[in-house]
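Here is what each chain is made of, one letter per residue.
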Amino acid sequence: MATDITLLWASGSHACWRVMIALEEKNLQGYNQKQLYFEKGEHKSKEVLEINPRGQLPAFKCGDLPLNESCAACFHLECKYKSQGTKLIPDCEEGRALILQRVFEVNALAEKSSSVLYYNWRVPEGERHDSAVKRNKEALTAELKLWEGYLQASSGFIVGKNFSLADVIVYPAVAYLFQNGLSEQRYPKLAEYYKGLMNRPSIKASWPPTWKNAPKQETLKDI
Amino acid sequence: MAKDMTLWWASGSPPCWRVLIALEEKNLQGYNQKLLSFQKGEHKSKEVTDVNPRGQLPAFKYGDIVINESYGACFFLESKFKSQGTKLIPDCAGSDNNCALIALIMQRMFEGNTLHQKIAEVIMYNWRVPENERHESAFKRLKETLTGELQLWEGYLQKTPGGFLAGENFSMADVIVFPSVAILFHMGLSEDKYPKLSEYYKKLQVRPSIKATWPPTWQETPGQEIFKDI
């Protein structure tokens, strides 16, 4: 039941967004939720630590069960609510295999994006190097080319002809890139994917509120 | 069937070892396999990149299906061969107890990724970071981060009296996480500082699937003592 579910989340965090999309897709609107702010350090509050001792968001509980890892939460929701809402993991074997492959490849995409976007946050001033920044950007470029390739024959979804768990996990990472200025000309297939799903009800309903009025950042425009 | 499967792997790589353990647990011995060497650059060979364009190991094929992500391969094997070998994830439909257990297995499995990343950042520091960009302060920070992470896992094992990561039985959480724990002790982690992790390591060392897939290169050469001060 949606009322047994609690989500503490931050706007723009793609891990949080995945869980929100999954909840919408499984028709679990009405879950308890609270928007928190990293800038105010609210992810380290007692309220979060009680659910997620790591002091990270999302902090997610299904009944008494904490499931703070966003992929774990999404898999669990699909499994527990299999018979309602969108079927996020199909029965057909090949489709399932490719979804699993893409879901776990997102780690590489997310990590390489973060290395570029959060470089100054992660690396103290005395340890920063232009050569490292350059290398991180090259790694991200290569990673994006891979995903551009995966979408060449796409019918609007990452895998196959239907929205799946792969899209739940991948879409936030892709949207994040365009929000940070990724070039639509250089990555036309990624841009098409991004725009194509923007108005899907679950995505529209959970679109990061802080993005709605804020101008796009330009950090990735040269990638 | 096992004969339709091929795994390309490297000795001591936790992602490869996860798939090896899963195959054993699901009674899929007899799969085709090829042991490759990172040091010789064989992960970038055409044979691998034909299956895994990322040039990474493991590379795994089952008929026409390709799943190179170790978590993906493990999930796939459990799902496809649900009714044979060890049940690595209990059935969803069933008691509430199953639901709680599945949630815990999933949570620990995915936290295993964080553990693995932090271990890899320490082991691979000199490999990943060019000499002129290395800093003692950075390496120290990575080790401190790993220490914090290990303390979390030590805590998790204090709360599961069954001795496995998710309670009383071996599960997918152990398939995913054990290889990372093993590499820590292989490379000098202190058994005194981490008694619960050490107990877990020794308990699982003798499990048939783990014994059968123990990294061959570890039997000949002791590991470097990278983690002895962690």
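About the cut-offs
- Residues numbered from 1 in each chain as written.
- Chains lettered and ligands numbered in written order.
- Predicted model: local features only at pLDDT ≥ 70, side-chain atom pairs only at ≥ 80, totals over all residues.
- Heavy atoms only, no water.
- UniProt positions renumbered as here; feature names shortened; annotations may be inferred.
- Helix = DSSP H or I, 4+ residues; strand = E, 2+ residues; numbered from the N terminus.
- Rg over C-alpha atoms; globule rule 2.2 N^0.38 Å.
- Buried < 20%, exposed > 50% of the residue type's maximum accessible area, 1.4 Å probe, protein only.
- Contact = heavy atoms within 4.5 Å.
- Areas by Shrake-Rupley, 256 points an atom, 1.4 Å probe, with all protein chains shown as cover.
- Salt bridge = Lys/Arg side-chain N within 4 Å of Asp/Glu carboxyl O.
- Domains from an automatic or database assignment.
- Buried area = accessible area lost by both parts, 1.4 Å probe.
- Polar contact = N/O pair within 3.5 Å; in protein donor to acceptor, adjacent residues only side chain to side chain.
- Nonpolar A, V, L, I, M, F, W, Y, C, P; charged D, E, K, R; others polar.
- Pairing = 2+ DSSP bridges.

Named according to an unreviewed UniProt entry, chain B is Glutathione S-transferase rho originating from Oreochromis niloticus.

Per an unreviewed UniProt entry, the recorded name for chain A is Glutathione S-transferase rho, and the organism is Oreochromis niloticus. Recorded under Sequence similarities (unreviewed entry), the UniProt text for chain A is reproduced unchanged: "Belongs to the GST superfamily."

Draft legend 1. Layout of the overall build of chain B. Within chain B one finds 10 helices and 4 strands. The helix and strand sequence of chain B, counted from the amino end, reads β-α-β-α-β-β-α-α-α-α-α-α-α-α. In summary, chain B has a C-alpha radius of gyration of 18 Å against a globular reference of 17 Å for 230 residues, a match within 12%. C-alpha extents for chain B along the principal axes are approximately 50 × 45 × 30 Å. Classification of the 230 residues of chain B by burial places 56% in the buried group. Considering only intrachain contacts with a sequence separation of at least 6, the fraction spanning at least 24 residues in chain B is 70%. Of the roughly 10400 Å² of accessible surface on chain B, a fraction of 50% belongs to carbon and sulfur atoms.

Draft legend 2. Looking closely at the pattern of salt bridges. Considering all chains together, one arrives at 29 salt bridges over all chains under this definition. Of the charged contacts, one joins E25 of chain A and R200 of chain A as a salt bridge, the two residues approaching to 2.7 Å between their closest N and O atoms. Separated by 175 residues along the polypeptide, E25 of chain A in helix 1 (residues 14-25) and R200 of chain A in the loop between helix 8 (188-197) and helix 9 (201-205) bring together distant segments of the chain. Look at E25 of chain A and you get buried, because its relative accessible area is 5%. Judged by its relative accessible area of 22%, R200 of chain A falls in the partly exposed class. Where E149 of chain B meets R54 of chain A, a salt bridge forms, and the shortest distance between an N and an O atom there is 2.6 Å. In this pair, E149 of chain B sits in helix 6 (residues 136-158) while R54 of chain A sits in the loop between helix 2 (46-49) and strand 3 (59-62), so the two residues belong to two different chains.

Draft legend 3. Expanded view of the UniProt feature "domain: GST N-terminal" (unreviewed entry) in chain B. Under the feature "domain: GST N-terminal" (unreviewed entry), the UniProt entry names residues 3-85 of chain B. Annotated as residues 3-85 of chain B, this span is 33% helix and 20% strand, and its ends, taken at the C-alpha atoms, are 17 Å apart.

Draft legend 4. Focus on the domain arrangement of chain B. All names here are of chain B. Entries for chain B in the domain assignment read domain 1 (2-80) and domain 2 (96-220). Using only C-alpha atoms to locate each centre, domain 1 and domain 2 end up separated by 20 Å. The interface is formed by 17 residues belonging to domain 1 together with 25 residues belonging to domain 2. Carbon and sulfur atoms make up 75% of the surface buried where domain 1 meets domain 2, a total of about 1900 Å² over both sides.

Draft legend 5. The interface of chain A and chain B, seen in detail. Contact residues are listed per partner, giving 35 residues for chain A and 36 residues for chain B. Three residues, R54, F104 and E127 of chain A, lead the burial of chain A against chain B; their summed loss comes to 21% of the area buried on that side. In this structure, the connection of chain A to chain B is made through 7 salt bridges. The interface formed by chain A and chain B includes 17 residue pairs in polar contact (both at pLDDT 80 or more). Breaking the side of chain A that touches chain B down by element, the ones donating at least two residues are strand 4 (65-66), helix 3 (70-80), helix 4 (93-117) and helix 6 (130-150) of chain A. For the side of chain A that touches chain B, the element with the highest residue contribution is helix 4 of chain A, accounting for 11 residues. For the side of chain A that touches chain B, the class distribution of residues is 16 nonpolar, 7 polar and 12 charged.

Draft legend 6. Layout of the environment of R18 of chain B. Residues and elements named next belong to chain B. Mapped onto the secondary structure, R18 falls in helix 1 (residues 14-25). Judged by relative accessible area, which is 2%, R18 ranks as buried. Between the C-alpha atoms of R18 and V175, which are 157 residues apart in sequence, the distance is 5.5 Å. When near neighbours in sequence (up to four residues on either side) are disregarded, R18 contacts S70, Y71, C74, G112, H116, V175, I176, P179 and S180.

Draft legend 7. Inspection of the pairing of strand 3 of chain A at higher detail. All names here are of chain A. The pairing of strand 1 (residues 5-10) with strand 3 spans 4 bridges and is classified as antiparallel. When the bridges of strand 3 are listed, I5 appears paired with C62. Bridging between strand 3 and strand 4 involves 2 bridges; their strand directions are antiparallel. Each bridged residue has a counterpart across the sheet, and for C62 the counterpart in strand 4 is L65.

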